[in-house]
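The primary structure of each chain is shown beneath.
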Amino acid sequence: MSWLPSIEVSRVSGESLTAQIQRVLKREITEGVLHPGTRLPPSRRLADDLDVSRSVVVEAYGQLIAEGYLEAVQGSGTRVARHLATTPAAVVPTLLDEGRVPAVRWDLRSGRANVSHFPYREWLAGYQRVLQTARQGDLDYPPLSGVPRLREELARHLGRVRGVRTAPGQVMVVSGFAHGLGLLCAALPGLGIGELAMEEPGLLRQREFVLEAGMRPRGVPVDEDGLDVEALARTGARAVLVTPFHQFPTGVALSAERRAALVRWARDVDGYVIEDDYDGDFWFERRSRPLALQRHAPDRVVYAGTASKTLVPGLRLGWLAVPGPLLAPLERVRARRDLGSDSLTQFAFAELLGSGAYDRHMRRLRGRYRLRRDTLVEAVRRFLPQARLDGPAAGLHAYLRLPRGTDEAALVAAALRRSVLVRGGRDLHGRPPGTGPALVLGYTALPRSGLTEAVRVLGAAYSEVAGRAAPAPARIA
């Protein structure tokens, strides 16, 4: 059974739900993503995935059958019409590095936003309140560091939820993490800091960004306890960028011992730690989650967060909790570069934080993502029992370690031929990796049925690469 990965419906669109489903299905068929004979999900299952009435899906299927795109076969469900000729696009893994994403049924890349969970009603209500109550000064150029109301709400929220120790005057609102990192890379050289240590493995594009911003990146290895602080000390760097809550891509959490060692290192070298808490809102373990590293050394740690994973990346909304000595250099740099971030968006987000709507949204979102991760764990157990998931149950991606000797590149290519797009772990190493083959699995953009099917297909691709016949998969309920 195939799942339809690209359907997203909006209840605030002027287009009916039925028309939205029809439009996406037509596009997927004409672009060759859905091949002739592909079986579609039962109307009840697709309706559940999209959270719409079953009659909406039944009507969409019926219209497409009438137009010749689909066919209903007694006892076999609804399928793409077999007479349609399609020419699937030729794709290669390097397309991802070039910024071109092949059309596939199942996209397991990490970092993808699930816009269907955006709290449209609450956001519109908050925006409306802002417009109704805004004073003339509120609509002028915003303060460089952000509107005071949002800085106050963020200081309270971050302290309550992540244990961040900061004051409104030390919070700077930025247009996403890249914006904040660019400001830091411009400010640190003024303090005599020209190198930025970065986790290895990590985002290669982020290293290129740091280099282009005028600082020299230095790789530091990560093991099962997180960043190797002794190796960091040997680099001679005085600043480091880390993801202590849920390391990208390995998923490990920085151990308590390493956290203490990292704080000592920062004090010893008169340096700074940039804490990228990109998915720190998502902790699914039974034990209590670790709080922000920043709380242990507010004078040495820059805490960075965004709304990209909890709302949508398109808001371009982020924040820094800045140590006192760094605040003035950052403000000077920013005064030369921009005129601040969108004030209306800041006021609307402050409304969500102050009213409790954001907390309610996060409770719903954690519940949904917890179920998705549980589904991923079960699917890996059933269809890829040779592999193991590393790190705690946290964050929005999982690191799947493959058996030694697995040809990772061949597996990624075999999965792509089966319309599954996934990143190999070695793509995220800046040098020949010492760790074994792995896959980085993003699991938040697909519904649970799609995750199960995608991992089942990955299991078949693994069996092909391993040179043996795939075992008969367990029946999907």
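Computed from a prediction, not measured in an experiment: that's the story for all the values here.

So, the overall build of the protein
Next, step 1: The number of helices and strands found in the protein is 15 helices and 16 strands.
Next, step 2: Summarising its shape, the C-alpha atoms of the protein cover approximately 70 × 60 × 40 Å along the three principal directions.
Next, step 3: For the protein, the share of sequence-separated contacts (at least 6 apart) that also reach a separation of at least 24 residues comes to 73%.

Topic: the pattern of salt bridges
Next, step 1: In the structure shown here, the tally under the stated rule is 23 salt bridges.
Next, step 2: Across the salt bridge formed by Arg401 and Asp390, the nearest N and O atoms sit 2.2 Å from each other. Placement of the pair is Arg401 in strand E13 (residues 397–401) and Asp390 in strand E12 (residues 388–390), with a sequence separation of eleven residues. Here Arg401 and Asp390 have matching classes, each one buried.
Next, step 3: Within this structure, Arg129, Arg149 and Glu351 form a network of salt bridges that share partners.

A closer look at a nonpolar patch on the surface
Next, step 1: On the surface, Val12, Tyr120 and Leu124 cluster together into a nonpolar patch covering about 270 Å² of accessible area.
Next, step 2: With respect to the helices and strands, the residue Val12 is situated in the segment before helix H1 (17–30).

Points about helix H11 (residues 324–337)
Next, step 1: Its 14 residues give H11 an end-to-end C-alpha distance of 21 Å, which sits within 8% of 20 Å, the value for a rise of 1.5 Å per residue.
Next, step 2: For H11, the full list of buried residues reads Leu326, Leu327, Pro329, Leu330, Val333 and Arg334.
Next, step 3: On its buried face, H11 sits against strand E4 (171–174), helix H7 (177–187), strand E9 (272–276), strand E10 (301–306) and strand E11 (318–321).

Description of the confidence of the model for the protein
Next, step 1: In this model, the protein carries an average pLDDT of 88, and 91% of its residues clear a pLDDT of 70 or more.
Next, step 2: Note on residues 86–95: pLDDT under 50 across the span, and twelve contacts to partners over four residues away in sequence or across chains.
Next, step 3: When the criterion is pLDDT under 50, residues 468–477 qualifies, and its contacts beyond four places in sequence or with other chains add up to 18 contacts.

Things to note about the pairing of E13
Next, step 1: Taken across its five residues, E13 has five buried, putting it largely inside the fold.
Next, step 2: Here E13 shows no split at all, with His397, Tyr399 and Arg401 on one side and Ala398 and Leu400 on the other all buried.
Next, step 3: Pairing geometry for E12 and E13, over three bridges, is antiparallel. Residue pairing across strands places Asp390 opposite Tyr399, the latter belonging to E13.
Next, step 4: The loop that links E12 with its antiparallel partner E13 comprises six residues; one of these, Gly391, has a positive phi angle of about 80 degrees.
Next, step 5: Relative to strand E16 (residues 438–442), E13 runs antiparallel, the two being bridged by five bridges. Pairing of His397 across the sheet is with Gly442, part of E16.

Section: the nonpolar core
Next, step 1: Membership of the largest hydrophobic core comes to 63 residues, with the highest contact counts inside it found for Leu108, Leu150, Trp319, Phe349, Leu439 and Leu458.
Next, step 2: Of all the elements, helix H13 (residues 357–383) adds the most residues to this core, at nine residues.
Next, step 3: Mapped onto the domain boundaries, this core takes at least three residues apiece from domain 2 (106–116 + 360–469) and domain 3 (119–355).
Next, step 4: Every residue in contact with Trp319, bar those within four places of it in the chain, is listed here: Leu154, Leu158, Val171, Met172, Val173, Val174, Tyr303, Ala304, Gly305, Thr306, Ala307 and Phe349.
Next, step 5: Counting residues in hydrophobic clusters, the runner-up holds 26 residues, among them Met172, Val174, Leu181 and Leu327.

Considering the packing of aromatic side chains
Next, step 1: Under the criterion given, the structure shown has eight aromatic pairs.
Next, step 2: Summarising the aromatic geometry, the rings of Trp123 and Tyr127 are spaced 6.4 Å apart at their centres and angled 40 degrees between planes, so their arrangement reads as tilted. Placement of the pair is Trp123 and Tyr127 together in helix H5 (residues 120–133), with a separation of four residues, close to one helical turn.
Next, step 3: The exposure class assigned to Trp123 is buried, which follows from its relative accessible area of 9%.
Next, step 4: Judged by centre distance (5.7 Å) and plane angle (15 degrees), the rings of Trp319 and Phe349 are stacked.

Overview of the side chain of Arg300
Next, step 1: In this structure, Arg300 sits in the loop between E9 and E10.
Next, step 2: The class for Arg300 is buried, based on a relative accessible area of 16%.

Side note on the sheet that holds E9
Next, step 1: Strand order in the open sheet formed by eight strands is E4-E11-E10-E9-E8-E5-E6-E7, with mixed pairing between adjacent strands. Unpaired on one side and paired on the other, E4 and strand E7 (226–227) mark the two borders of the sheet.
Next, step 2: Bridge analysis of strand E5 (residues 195–200) against strand E8 (residues 239–242) gives two bridges, and the strand direction is parallel. Paired with Met198 across the two strands is Leu241, which belongs to E8.
Next, step 3: Across the face of the sheet, helix H8 (residues 204–212) comes into contact with E5, strand E6 (216–223), E8 and E9 while running at roughly 175 degrees to E5.
Next, step 4: Across the sheet, H11 is in contact with E4, E9, E10 and E11; its angle to E4 comes to roughly 30 degrees.

Some thoughts on the sheet that holds E16
Next, step 1: Spatial strand order, E12-E13-E16-E15: four strands in an open sheet with antiparallel pairing. Bordering the open sheet on either side are E12 and strand E15 (423–424), each of which pairs with just one other strand.

Side note on the packing of helix H14 (residues 408–417) against helix H15 (residues 448–466)
A pair of packed helices can be characterised by two numbers: the angle between their axes and the separation between those axes.
Next, step 1: For the pair H14 and H15, the least separation of the axes is 9 Å and the interaxial angle reads 130 degrees. In terms of their interaxial angle, H14 and H15 are classed as oblique. Our pair here, H14 against H15, has a crossing hand that is right-handed. Between H14 and H15, the contacting residues are Ala410, Leu411, Ala414, Ala415 and Arg417 on the first element and Leu458, Ala461, Tyr462, Glu464 and Val465 on the second.
Next, step 2: Along the lines of polarity and charge, the residues of the contact of H14 with H15 split into eight nonpolar, no polar and two charged.

Describing the packing of H7 against H8
Next, step 1: Relative to each other, H7 and H8 sit at 40 degrees, their axes nearing to 9 Å. What the angle tells us is that H7 and H8 run oblique. Like other packed secondary-structure pairs, H7 and H8 cross with a definite hand, here right-handed. Each of Phe177, Ala178, Leu181, Gly182 and Cys185 in H7 lies in contact with H8, whose residues at this interface are Gln206, Phe209 and Val210.
Next, step 2: Classifying every residue of the contact of H7 with H8 gives six nonpolar, two polar and no charged.

Criteria and thresholds
- Residues numbered from 1 in each chain as written.
- Predicted model: local features only at pLDDT ≥ 70, side-chain atom pairs only at ≥ 80, totals over all residues.
- Heavy atoms only, no water.
- Helix = DSSP H or I, 4+ residues; strand = E, 2+ residues; numbered from the N terminus.
- Contact = heavy atoms within 4.5 Å.
- Salt bridge = Lys/Arg side-chain N within 4 Å of Asp/Glu carboxyl O.
- Buried < 20%, exposed > 50% of the residue type's maximum accessible area, 1.4 Å probe, protein only.
- Patch = residues over 30% accessible without salt bridge, like charges linked within 9 Å, V, L, I, M, F, W, Y side chains within 5 Å.
- Areas by Shrake-Rupley, 256 points an atom, 1.4 Å probe, with all protein chains shown as cover.
- Expected span 1.5 Å × (residues − 1).
- pLDDT = per-residue confidence, 0-100.
- Pairing = 2+ DSSP bridges.
- Core = buried A, V, L, I, M, F, W, Y, C linked by side-chain atoms within 4.5 Å.
- Domains from an automatic or database assignment.
- Phe/Tyr/Trp six-rings, centres within 6.5 Å; stacked < 30°, edge-to-face > 60°.
- Axes fitted to C-alpha atoms, helices over the stretch in contact; angles between N-to-C directions.
- Parallel < 35°, antiparallel > 145°, perpendicular 65-115°, else oblique.
- Left-handed = near helix turned anticlockwise from the far one by under 90°.
- Nonpolar A, V, L, I, M, F, W, Y, C, P; charged D, E, K, R; others polar.

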